[in-house]
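# Results of the structural survey
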Amino acid sequence: MNRKIIFFDIDGTIFSTRIGRVTDRVKASIAQAQKRGHLCFIASGRPWSFIAGNIKAMGFDGYVLANGAHIRYLGRDLGIRHLPREDVDSLCRSFRKRGIQYILSTPSYSYLDPAFTSLLNFYRGCNIDMEQILHDFEEEEVLDRTIKVEAWMETQEQSEYAASCCGAFASEIRGPGQTTEFYGKQVSKATGIKEVLRMLSIPVEDSFCFGDGPNDVEMFETVGNGFAMENGVTAVKSIAQKICPSVEDDGVAVAMAELFKRHIL
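These figures come from a predicted structure and were not determined experimentally.

### A look at the packing of helix 1 (residues 24-35) against helix 10 (residues 251-261)
Each pair of packed helices gets described by two things: the angle between the helix axes and the distance between those axes. At a closest axis distance of 8 Å, the pairing of helix 1 and helix 10 adopts a crossing angle of 35 degrees. You can see that helix 1 and helix 10 cross each other, and the crossing is left-handed. The segment helix 1 lies against helix 10, with Arg25, Val26, Ser29, Ile30, Gln32 and Ala33 engaging Val252, Ala253, Val254, Met256 and Phe260.

### Side note on the sheet that holds strand 6 (residues 101-105)
Strands sit in the order 8-7-6-9-11-10 across an open sheet of six strands; the sheet is mixed. Whereas interior strands pair on both sides, the edge strands pair on one side only; in this sheet they are strand 8 (133-134) and strand 10 (170-172). Where strand 6 and strand 7 (residues 110-112) come together, three bridges link them in antiparallel fashion. The residue bridging Leu104 from the neighbouring strand is Tyr111, located in strand 7.

### A few points about the packing of aromatic side chains
Throughout the structure, instances matching the rule amount to 16 aromatic pairs. Between Phe8 and Phe210, the ring centres sit 5.5 Å apart and the planes meet at 5 degrees, which makes this aromatic pair stacked. In this pair, Phe8 is assigned in strand 1 (residues 5-8) and Phe210 in strand 12 (residues 207-211), connecting sequence segments 202 residues apart. For Phe8, a relative accessible area of 0% translates into the label buried.

### A few points about the sheet that holds strand 2 (residues 39-43)
In space, the eight strands of this open sheet follow the order 5-4-3-2-1-12-13-14, with mixed pairing throughout. Both outer strands of the open sheet, strand 5 (76-80) and strand 14 (242-244), are each paired with one neighbouring strand and no more. Here the strands of the sheet are splayed against their neighbours by 20 degrees on average, with no regard to which way each runs. Two strands pair when backbone bridges link them, and strand 13 (residues 225-229) and strand 14 are joined in this way by three bridges, in the parallel orientation. If you follow Phe227 over to strand 14, its bridge partner there is Lys242. Packed onto the sheet, helix 7 (residues 189-200) meets strand 1, strand 2, strand 3 (62-65), strand 4 (70-73), strand 5 and strand 12 and runs at close to 160 degrees relative to strand 1.

### Quick notes on the environment of Asp129
When you line up the elements, Asp129 lands in the loop between helix 4 (117-123) and strand 8. When the C-alpha positions of Asp129 and Leu65 are compared, they lie 15 Å apart, and in sequence the two are 64 residues distant. Leave out the neighbours within four places in its chain, and Asp129 touches Ser49, Ile51 and Ala52.

### Describing the side chain of Glu181
Turning to its location among the elements, Glu181 is positioned in strand 11 (residues 179-183). Of the residues examined, Glu181 reaches a relative accessible area of 9% and is grouped as buried. Of the polar contacts made by the side chain of Glu181, one reaches the side chain of Asn67; its length is 3.4 Å. One polar contact links Glu181 to Lys148, side chain to side chain, over a distance of 3.0 Å. Sequence-distant contacts of Glu181, defined by excluding residues within four places in its chain, comprise Asn67, Lys148, Val149, Glu150, Ala170, Ser171, Glu172 and Arg174.

Analysis parameters
- Residues numbered from 1 in each chain as written.
- Predicted model: local features only at pLDDT ≥ 70, side-chain atom pairs only at ≥ 80, totals over all residues.
- Heavy atoms only, no water.
- Axes fitted to C-alpha atoms, helices over the stretch in contact; angles between N-to-C directions.
- Helix = DSSP H or I, 4+ residues; strand = E, 2+ residues; numbered from the N terminus.
- Left-handed = near helix turned anticlockwise from the far one by under 90°.
- Contact = heavy atoms within 4.5 Å.
- Pairing = 2+ DSSP bridges.
- Phe/Tyr/Trp six-rings, centres within 6.5 Å; stacked < 30°, edge-to-face > 60°.
- Buried < 20%, exposed > 50% of the residue type's maximum accessible area, 1.4 Å probe, protein only.
- Polar contact = N/O pair within 3.5 Å; in protein donor to acceptor, adjacent residues only side chain to side chain.

So yeah, pure geometry; function would need other evidence.
Structural data, given as structure tokens:
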């Protein structure tokens, strides 16, 4: 059997925000795939600093992070794409003029002004290792190492203004009371996955993914075999090879058990 590689989204795929954990059944299915010699990767919009200890403790072989801007394999950084300093600086200056709170993420840590309490309180409920978010820093020094920016809008006016500032970036614009993401136009989960397949010399047909959200669409269009969660968005489910049960119903474990039974994994 050829070695396979499996990419997992986190929220809504292996981690249920409703129950606040990855179930033992899902953990066991991922461990079983690794025991059989397959590689298991996280593919997430989250930067490394947003990967909680309960996810890291599962022992994934690698990570495609910050929507493809950062690749880690066996504990080593294999690829990092920083945002242009001048673009990040301009974005931050614009946000401060309008009272928009934001956080700068690098390959190691994220940096948040302690005055940005709304954003800080939001992250406290997001299964994030809060010790990886630093508050004592010089922003000018962080700009050179930024790979992703997230912002928090309190009003619709702020949301519309933020959308007008994103020309230099790819973005996921959301309304007030949610975070909006800004990252490089040249990266995505797809570019990160393609780079991993190239570096590890794994054919596309031997790649699998599990996901549920809008930023998983390009991942599904890239791998050989895509499995969407029942709780996923229509855009993902419409292009998936198969739809598995929801995250609360151990969908990943159910689908992988079938792949084990059919000797695909």
